[in-house]
Amino acid sequence: MLINLKVLWIFYRKLLIPAVLFSLLTSIPAGINFETFSFGFLFIFPLMQYFIYELRLKNEYHFYANFGFSRISFWMITVAFSIILKLISVIL
């Protein structure tokens, strides 16, 4: 379990920092609040995964496959995390 969390952290470490920064930049014109940030994050987080891992670092999926993670599982986690964050912002 701990190894799986470390592997997920290695994967998402490359995505979270640019996704958060670009989401903050896109929320500036509308006023920085959690709802505009989560709306930008909803679209930017999957785009970051596409640009970083599908176009730039295609072969890194083989490293993660050795730990039991597939490309589809990473995409499902990414989209689910984005949607959950957006739903939390709508509820709050």
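Since the structure is predicted, the reported quantities are computational estimates derived from the model, not experimental observations. (Residues numbered from 1 in each chain as written. Predicted model: local features only at pLDDT ≥ 70, side-chain atom pairs only at ≥ 80, totals over all residues. Heavy atoms only, no water.)

Draft legend 1. Region of interest: the UniProt feature "transmembrane region" (unreviewed entry) in the protein chain. The sites that UniProt annotates as "transmembrane region" (unreviewed entry) are residues 12–30, 36–53 and 74–91. Secondary structure content for residues 36–53 is 100% helix and 0% strand, and the end C-alpha separation is 26 Å. Along residues 74–91 one finds 100% helix and 0% strand; the C-alpha atoms at either end are 26 Å apart. (UniProt positions renumbered as here; feature names shortened; annotations may be inferred. Helix = DSSP H or I, 4+ residues; strand = E, 2+ residues; numbered from the N terminus.)

Draft legend 2. Main features of the packing of aromatic side chains. Counted under the stated rule, the structure contains 20 aromatic pairs. Note on Y12 and F74: the rings are 6.2 Å apart at their centroids and 70° apart in plane angle, and the pair reads as edge-to-face. With Y12 in helix α1 (residues 2–27) and F74 in helix α4 (residues 71–91), the pair connects residues that are 62 residues apart, well separated along the chain. Just as Y12 is buried, F74 falls in that class too. Judged by centre distance (5.2 Å) and plane angle (80°), the rings of F39 and F43 are edge-to-face. Taken as a pair, F39 and F43 lie in helix α2 (residues 34–56) at a separation of four residues, close to a single helical turn. Take F43: its relative accessible area is 47%, and that puts it in the partly exposed class. (Phe/Tyr/Trp six-rings, centres within 6.5 Å; stacked < 30°, edge-to-face > 60°. Buried < 20%, exposed > 50% of the residue type's maximum accessible area, 1.4 Å probe, protein only.)

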